[in-house]
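One letter stands for each residue in the lines below.
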Amino acid sequence: MRIGILNSGGDCPGLNAVIHGVVGAADQLGWEVIGFRDGFEGLLPPGDYSVLKPKDTIGILKLGGTILGTTNKGHFAAKVGKGDIAEVPPEIVAKAKQTMEQLEISALIVVGGDGSLTTGLQLYREGWPIIGVPKTIDNDLSATAFTFGFDSAVSTVVDALDRLHTTGESHKRVMVLEVMGRHAGWIALWGGIAGGANVVLLPEIPFSFEKISDFINDRDAQGYHSTLVVVAEGASMPDGNIVTIDANCAGEVRLGGIGERVAARIGHLTGKDTRACILGHLQRGGSPTSLDRILGMRFGVMAVKLAAEGAFGRMVSYQAYHVDSVLIEEAVHQLRLVQPDSELVQAAKAVGICLGD
Ligand code: F6P
């Protein structure tokens, strides 16, 4: 038996741990694993791939990125901008299928986020033996309580806040940190709480600059002259606009820049010295945390188990300390957002964090 694996969409700490899990579990069954390069593109004839043996995965657990490469562009991209979903054209699917047949791949493990799993679902519906593994640092897929990469991203946010804290205190400044989180504010909320932020702004909770400036002025009056603000890149400005780098680019709109806007407005309203910092891809790069290594490895092992059971069209899922699976069709297009009235948000407010509302 020979199975394939590919990583698709943005990279994420822990992808190599999934590969490690897949290759190890498959080897135990006497199966061969083919790793396709650069996502689904590696399936296009003549095929760009290599055979992965356990010796090829030695030492990769600790590596960020993916040894297979990945892309969120190309012939198989499901997201084509402004939230639109595209089907992969039949001629491209037919070409990729040639490679699958030539290599006699009997299961294809697709490690990806919402867009890549949408592509996986299309292929499954066209008869391909697809197993999905969820991947997103944003941790916003509804069918899994956690995805690997999120914990690593949060650690990077916390490290950045620890650093901003000392320089902000020294200068009595308001320091604004812009973090990833396209639709969901999980990274901002978890990172903000763990990193001791005073203000956390999320896509899910509309904020007002008056509320934020009153909060900062109150802090000043109490003798706290420095304030740490975390803002998710996908949060809306009070006028409802999302701040983008390039709204007209191909594929998904590139978000970025809200940190500077927030800093400028807070500076204007409070008269305080403010500085902004965009954390950007530092959150995606680098070594995975131990939690992400273990989660990724377990996801890989479960993917092989699903392949052995012939449970195609399913996606690995983590729920309540247990790795299991759900139908891919129940997993895509359904984001898990921060609920404004949730216990976590209430806990943040209880310890004095301002959500801007
Ligand atoms: O979806 C994951 C994510 O990290 C988002 O938080 C971010 O907006 C996007 O990917 C960045 O993508 P790219 O690497 O294409 O700039």
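Residues numbered from 1 in each chain as written. Predicted model: local features only at pLDDT ≥ 70, side-chain atom pairs only at ≥ 80, totals over all residues. Heavy atoms only, no water.

Q: Explain helix 7 (residues 258-270) here, please?
A: An α-helical segment advances 3.6 residues per turn. Residues three or four places apart therefore align on the same side. With 13 residues, helix 7 extends 18 Å between its outermost C-alpha atoms, agreeing within 8% with the 18 Å of an ideal straight helix rising 1.5 Å per residue. Among the residues of helix 7, those classed as buried are Ile-258, Gly-259, Val-262, Ala-263, Ile-266, Gly-267 and Thr-270. Projected down its long axis, helix 7 carries its buried residues within an arc of 165°, all on one side. Along its buried surface, helix 7 packs onto strand 6 (174-179), strand 7 (199-201), helix 6 (209-221), strand 8 (227-232) and strand 11 (274-278). (Helix = DSSP H or I, 4+ residues; strand = E, 2+ residues; numbered from the N terminus. Expected span 1.5 Å × (residues − 1). Buried < 20%, exposed > 50% of the residue type's maximum accessible area, 1.4 Å probe, protein only. Arc of directions from axis to C-beta. Contact = heavy atoms within 4.5 Å.)

Q: Please explain the layout of surface pockets as it appears in this structure.
A: A probe as big as a water molecule, rolled over the atoms, marks out the empty space that is left. Within this model, the largest pocket holds a volume of roughly 1100 Å³. As for the largest pocket, its lining consists of 48 residues, and the residues nearest its centre are Gly-10, Asn-72, Arg-182, Glu-252 and Arg-284. Listed by contribution, the elements that provide at least two residues to the lining of the largest pocket are helix 3 (114-125), strand 6 and strand 10 (254-255). Here the lining of the largest pocket gets 4 residues from one element, more than from any other, and that element is helix 3. Residue composition of the lining of the largest pocket, by class: 16 nonpolar, 18 polar and 14 charged. (1 Å grid on protein atoms, 1.4 Å probe; cavity = no way out; pocket = protein on both sides within 12 Å on 5 of 7 lines; lining within 4 Å. Points joined across faces, edges and corners; volume = space filled by probe spheres on them. Nonpolar A, V, L, I, M, F, W, Y, C, P; charged D, E, K, R; others polar.)

Q: Which parts of the structure should I look at to understand the packing of aromatic side chains?
A: Aromatic ring pairs: the centre-centre distance and the angle between the two ring planes describe each pair. For the structure shown, the criterion picks out 8 aromatic pairs. Seen from their ring centres, Phe-146 and Tyr-318 are 6.4 Å apart, and the 65° between their planes marks the pair as edge-to-face. Of this pair, Phe-146 sits in the loop between strand 5 (130-134) and helix 4 (150-171) while Tyr-318 sits in strand 12 (residues 314-319), placing them 172 residues apart in sequence. Seen from their ring centres, Phe-148 and Phe-299 are 5.9 Å apart, and the 75° between their planes marks the pair as edge-to-face. Taken as a pair, Phe-148 in the loop between strand 5 and helix 4 and Phe-299 in helix 8 (residues 290-309) lie far apart in primary sequence, 151 residues in all. (Phe/Tyr/Trp six-rings, centres within 6.5 Å; stacked < 30°, edge-to-face > 60°.)

Q: Help me out: how do you make sense of the packing of helix 5 (residues 186-194) against helix 10 (residues 343-350) in this one?
A: Two measures define how a pair of helices packs: the angle their axes make with one another and the distance between the axes. Where helix 5 contacts helix 10, the axes come no closer than 11 Å and their chain directions differ by 40°. Read as a crossing pair, helix 5 and helix 10 show a hand that is left-handed. Residue-level inspection shows Trp-186, Leu-189, Trp-190 and Ile-193 of helix 5 in contact with helix 10, the latter providing Leu-344, Val-345 and Ala-348. A per-class count over the contact of helix 5 with helix 10 returns 7 nonpolar, no polar and no charged. (Axes fitted to C-alpha atoms, helices over the stretch in contact; angles between N-to-C directions. Left-handed = near helix turned anticlockwise from the far one by under 90°.)

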